[in-house]
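Structural overview for review
Each chain, written out:
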Amino acid sequence: MGTRTAIVGVGQTNHTSKRKDVNGQELISEAVKRALADADLSLKDIDAVVIGNMDHFEAINNVDGWSVDGSGAFMKPIMKVTTGGSTGGTLGSCAYHHVASGLFDVVMAIGWEKNSESDTQAAISTCADPIVERDFFGGAIGPNAAEYAMYMKQYGATQEDAAMVAVRDHNNALRNPHAHLRKFITVEDVMKSPMLCWPIKLLDSCPRSDGACAVIYASETRAAKIAAKPAWVHATAVSHDYVYFGDYDWEMMPTLRTTVDRIYRRAGITDPVKDVDVMELYLPFSTCGVVWMDHMRVCGLGEAPKLIRKGVFDMSGELPVNPSGGVLSTNPIGATALIRIAEAALQVMGKAGDRQVHDVKTAMATAFGSCYWFEATVLRSVKP
Amino acid sequence: MDRVAIVGVGQTKYERGKTKNFAELVYEVTRKALDDAGMGLSDIDNVVTTTNDFYDGRTIACMAVAEAAGSYGRDATNVEGDGTLSAFYGLMRTLSGVYGTTMVTTHCKLSEGSPRKLFNQAFDPVYERSLGMDAISSCALQARAYMHRFGVTEEQCARVSVKNHGNARNNPYAHVSLDITVDDVMKSPMLAEPIKRLDVSPISDGACAIILATEERAKKAAKKPVWVRGVGHCADAYRLGERDLSVSPALEAAAGRAYRMAGITDPSREINVAEVYDAFSYMELMWYEGLGFCGQGEGGKLIDSGATQMGGRLPVNPSGGVLSAHSVQVAGLARIAEAALQLRGEAEKRQVPGAKVSLAHGAGGICAQTHCVWVLSN
């Protein structure tokens, strides 16, 4: 096996809809400085940097080179990885493999996005094939709306089931000082919010945020000296099979199933509800927080609404999901999935403040992007 | 570092205006690399693709090539940058103990885009873009800074063009192969002083793939393994005004890391053949210096000496280099593929006899802000 690797520090910006006070490089710098402060390290301790975002949102080519003023990668190795919404998961995996390879000891992953500078949905639409699909692919919301419509018809789930997920995530965000949207809401509020793309309404939907996140990974020999309680990486996994949107199996979600099967096998998880103490899931719409739980093998097909109504995924439930407020409360796209990893790490490190789940030994973070590209990371308080 | 081998390589012919789409280009080279390695797709544990949303003209451009690269049913990831960096990430994934083999692909089809406008997007949006900066105008500044400081002449730069375009005649994959003289280069139209048309690489469509394997898995490959001995990459400052453009400290740092890992102390004697990122003729002279093939400011003298020609002490770019085929992000991975072919003795008419240690170099960003260096041996 490779070098044992742990997360030893995380930093997030104050996420909001428009960070007019900073440019992109300054936004990145804010997250980097906070991560360094969290780990009590200085820039000279960082051996390599990985960075990611989505090019068309800020229209900056060669972001790895451009970012140097903010990332601190001057005269250091830096590379850019990007896979759309899942970029943050790709970043975490890339930093992990930097260290696990034995070539680097301390590596910083940085995800960022300044969505306020972009026409987000127009930019997302260009991910579709230019000839066959682009003309009618209307941004990110369509596929997920279709997915939940099918699920409701097949299993009798309701719009209220999804609304309960929205209420959970939004209200969890009240305990997270970094969250973009922090407003107490009820199921009734969600149901009354404007319809965007049936059955997804405004409060079922993620915002678009300006923000950045930095996560520091370290090798076994360095991790113990840097952090009192590092979050050890036990496994990462990814699955992706896109060619055309119409080719995807919307009912069985093979890429999500493959990703969780891989991560559970690699991390030795047999029953996710019992073996995982907290999950930070990339749920861009509340509806995903219903459908995807089935395919993550948390329950049988069609059973997620029952568990949601029982409160299994609430802060006081058996498997708390998104104590941070999740993607529904904060969504700087290139950073979003890295924030999931950062929040999972904070839970394992016991540094999650008011949103801390009691005694977390195992945490899992996921990423979602492009056409059902899923990634996952499992962190534990004990070494692998 | 554990031993990792390059066990398969595949390249398209580089040319302008290919009719294949991105996926078809990538499929061509993954198929070739698998055949070269004597492997099937089931032997590939994970995949690293390379895309650029600007050059590809679509967001999340990795979606377009995932299946053609063999991503279906296996772990996959995507780098944006020169192919040497994708290979670097592939190397790290192979070393991590999680994956025994890694497919690395890269493609570019810039004939469908507007290269000057797309590269302009790399400049600062407020202060520099509106000046119309692009690759040629910015590199002209670097060429002039380098030539002025060290007394390197336009004729010495032209010699690189003559050498590499001539070498390209031996490479069936090359886009532009020419039988030209220094005089031809000097008389070619001025684009941005001191850079003339024949000092510049073409815009080529193409793709390249390599397969990396652990020592254990390399045993199953059909061809003799080519071992990765040392790697390093490094970034200089972003703004041109903050850099001394006449030297390349990031290349020195990247090469230093690769040489330390490979145990190389005298690169000019220990390396038998090099493939470097010569997007412009002056660059090859600067990279001689950054790679330690000669002292600072001596790049012009080194080309004059003939040491870097075919038959010289250290042939550089037997393939014709980037000057003869420039598929942007493909260019660095093509250097690795060519450096590997040299060590297998399979470089045909461009073979450097008896090559045992080879070097591949990739670069990215404005005036080669970032560099990546690979040292290989057989």
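Residues numbered from 1 in each chain as written. Chains lettered and ligands numbered in written order. Predicted model: local features only at pLDDT ≥ 70, side-chain atom pairs only at ≥ 80, totals over all residues.

Some points on the overall build of chain A
Filter applied, for reference: The helix count covers DSSP runs of H or I at least four residues long, the strand count covers runs of E at least two residues long, and both are numbered beginning at the N terminus. Remark: C-beta atoms are placed from the backbone, and a residue is labelled buried if 20 or more other C-beta atoms sit within 10 Å of its own, exposed if 12 or fewer do, or partly exposed between those counts. For the purpose of contact definition, each residue receives a C-beta atom placed from its backbone, and two residues are in contact when these atoms lie within 7 Å.
Assigned secondary structure in chain A consists of 16 helices and eleven strands. Seen along its three principal axes, the alpha-carbon backbone of chain A occupies a region of about 55 × 45 × 40 Å. Scored against the burial criterion, the 384 residues of chain A give a buried share of 63%. Contacts in chain A between residues far apart in sequence, at least 24 positions, make up 78% of those at least 6 positions apart.

Some thoughts on the overall build of chain B
Basically, it comes down to this: C-alpha atoms define the radius of gyration in this analysis, and the globule rule sets the expected value at 2.2 Å times the number of residues to the power 0.38.
Helix and strand counts for chain B stand at 14 helices and eleven strands. Taking 21 Å as the expected radius of gyration for a compact globule of 378 residues, we find that chain B reaches 19 Å, a close match to that expectation. C-alpha atoms of chain B, sized along the principal axes, occupy 55 × 45 × 35 Å. When the 378 residues of chain B are sorted by exposure, 63% land in the buried category. Taking the contacts inside chain B whose residues are at least 6 apart along the sequence as the reference set, 78% of them involve residues at least 24 apart.

Description of the packing of helix α6 (residues 154-167) of chain B against helix α11 (residues 281-290) of chain B
Helices that pack against each other are described as a pair by the angle of their axes relative to one another and the distance between those axes. Residue and element names in this part refer to chain B. Put simply, the rule is: Structural elements are reduced to axes, namely lines fitted to C-alpha atoms, with helices fitted over the stretch in contact, and the angle between N-to-C directions of any two is expressed from 0 to 180 degrees. Note on terminology: angles under 35 degrees are roughly parallel, angles over 145 are roughly antiparallel, angles of 65 to 115 are roughly perpendicular, and the others are oblique.
As a packed pair, α6 and α11 sit with axes 7 Å apart at the nearest point and diverge in direction by 100°. Of the possible angle classes, the one that applies to α6 and α11 is roughly perpendicular. In contact with Q156, C157, A158, V160 and S161 of α6, α11 contributes S281, Y282, E284 and L285.

Examining the environment of K196(B)
All names here are of chain B. You can see K196 is positioned in strand β6 (residues 195-196). The exposure class assigned to K196 is buried, which follows from the 21 C-beta atoms found within 10 Å. In sequence terms K196 and A158 are 38 residues apart; their C-alpha atoms lie 9.1 Å from each other. Not counting the four nearest positions on each side in its chain, K196 is found in contact with V185, S188, P189, M190 and L191.

Side note on the pairing of strand β10 (residues 362-369) of chain A
When you tally the buried positions in β10(A), you get eight out of eight residues, the bulk of the element. The two faces of β10(A) match: T362(A), M364(A), T366(A) and F368(A) on one face and A363(A), A365(A), A367(A) and G369(A) on the other face are all buried.

Re the interface of chain A and chain B
Let me state the cut-off plainly: Here the term charged refers only to Asp, Glu, Lys and Arg, the term nonpolar to Ala, Val, Leu, Ile, Met, Phe, Trp, Tyr, Cys and Pro, and the term polar to all other amino acids, Gly among them. We call two strands paired when DSSP finds no fewer than two bridges between them.
In this assembly, 49 residues from chain A lie in contact with 48 residues from chain B. For the side of chain A that touches chain B, the secondary structure elements donating two or more residues are α2 (55-58), α3 (63-66), α4 (68-71), β3 (78-81), α5 (87-100), α6 (120-125) and β8 (231-239) of chain A. It is α5(A) that contributes the most residues to the side of chain A that touches chain B, six residues altogether. Its residues placed into classes, the side of chain A that touches chain B shows 25 nonpolar, 18 polar and six charged. Strand direction decides the pairing type here: β3(A) and strand β3 (residues 75-80) of chain B, joined by two bridges, are antiparallel. Residue V81(A) lies in a different strand from β3(B), and its bridge partner there is V79(B).

Some remarks on the packing of helix α3 (residues 83-95) of chain B against helix α14 (residues 330-344) of chain B
Residue and element names in this part refer to chain B. Interaxial distance between α3 and α14 falls to 5 Å at its minimum, and their mutual angle equals 65°. For the pair α3 and α14, contact is made by G83, T84, S86 and A87 and by V330, G332, L333 and I336, respectively. Across the contact of α3 with α14, the residue classes break down as four nonpolar, four polar and no charged.

A word on the nonpolar core
In plain terms, the rule: Each nonpolar core reported here comprises buried Ala, Val, Leu, Ile, Met, Phe, Trp, Tyr and Cys residues connected via C-beta atoms within 7 Å. The source of the domain bounds is an automatic or database domain assignment.
By size, the foremost hydrophobic cluster in this structure holds 267 residues, and its most contacted members are I7(A), A109(A), I110(A), V215(A), I216(A), A345(A) and I210(B). Top element by residues in this core is helix α16 (residues 333-349) of chain A. It accounts for twelve residues. When residues are assigned to domains, this core turns out to be shared by domain 1 (5-119 + 209-226) and domain 2 (128-207 + 234-380) of chain A, each giving three or more.

A closer look at the domain arrangement of chain A
All names here are of chain A. In terms of domains, chain A is made up of domain 1 (5-119 + 209-226) and domain 2 (128-207 + 234-380). When each unit is reduced to the centre of its C-alpha atoms, the spacing between domain 1 and domain 2 is 23 Å. Listed as interface residues are 34 residues of domain 1 and, on the opposing side, 30 residues of domain 2. Listing elements by their share of the side of domain 1 that touches domain 2, those giving two or more residues are β1 (5-12), α5, β4 (106-114) and β7 (210-219). A total of eight residues in the side of domain 1 that touches domain 2 trace back to one element, the largest contributor, which is α5.

Some thoughts on unusual backbone geometry
In this model, W198(A) is joined to P199(A) through a cis peptide bond whose omega is 10°. With respect to the element layout, P199(A) can be found in the loop between β5 (195-197) and β6 (200-201). Cis geometry is found at the peptide bond from E193(B) to P194(B), where omega equals 5°. Counting through the fold element by element, P194(B) comes out in the loop between β5 (190-192) and β6. The phi angle at N62(A) is positive, at roughly 60°, despite the residue not being glycine.

Quick look at helix α13 (residues 288-295) of chain A
Residues and elements named next belong to chain A. Buried residues dominate α13, accounting for eight of its eight residues. Among all positions in α13, only C288, G289, V290, V291, W292, M293, D294 and H295 are buried. Elements in contact with the buried residues of α13: α7 (141-155), α8 (159-172), α11 (254-267) and α14 (304-310). Following α13 by one or two positions, R297 adopts a phi angle in the positive range, close to 65°.

Structural notes on the confidence of the model for chain B
Formally: Confidence of the predictor at the level of single residues is given by pLDDT, which spans 0 to 100.
A residue-level look at chain B finds 100% of positions with pLDDT of 70 or above and a mean pLDDT of 97. We note a pTM of 0.97 for the whole complex and an ipTM of 0.97 for its interfaces.

Some points on the environment of F104(A)
Among the secondary structure elements, F104(A) is positioned in the loop between α5 and β4. Those residues in contact with F104(A) that sit more than four places away from it in its chain are D47(A), A48(A), H98(A) and V99(A).

Brief notes about helix α1 (residues 24-39) of chain A
All names here are of chain A. We apply this condition: For a helix, the expected span equals 1.5 Å multiplied by the number of residues minus one.
Relative to the 22 Å expected for 16 residues at 1.5 Å per residue, α1 spans 23 Å between its end C-alpha atoms, a close match to the ideal helical length. Most of α1 sits out of view: twelve of its 16 residues are buried. Within α1, the full set of buried residues consists of G24, L27, I28, S29, E30, A31, V32, R34, A35, L36, D38 and A39. Packing partners of the buried residues in α1 comprise β1, α2, α4, β4, β7 and α10 (220-226). Once α1 ends, the next one or two residues include D40, with phi positive near 55°.

Notes on the environment of V187(A)
Residue and element names in this part refer to chain A. Here V187 lies in helix α9 (residues 187-192). The class of V187 is partly exposed, set by 16 C-beta atoms lying within 10 Å. Separated by 19 residues in the primary sequence, V187 and R168 have C-alpha atoms spaced 9.6 Å apart. With near-sequence residues (within four places) excluded, V187 lies in contact with E160, A163, M164 and V167.

Describing the pairing of strand β4 (residues 101-108) of chain B
Residues and elements named next belong to chain B. Counting buried positions along β4 gives eight out of eight residues, so the element sits mostly inside the fold. On β4, burial covers both faces: T101, M103, T105 and H107 on one face and T102, V104, T106 and C108 on the other are all buried. Pairing of strand β2 (residues 46-50) with β4, which is carried by three bridges, proceeds in the parallel orientation. Bridge pairing in β4 places V47 opposite M103. Pairing of β4 with strand β7 (residues 206-214), which is carried by eight bridges, proceeds in the antiparallel orientation. When the bridges of β7 are listed, V104 appears paired with I210.

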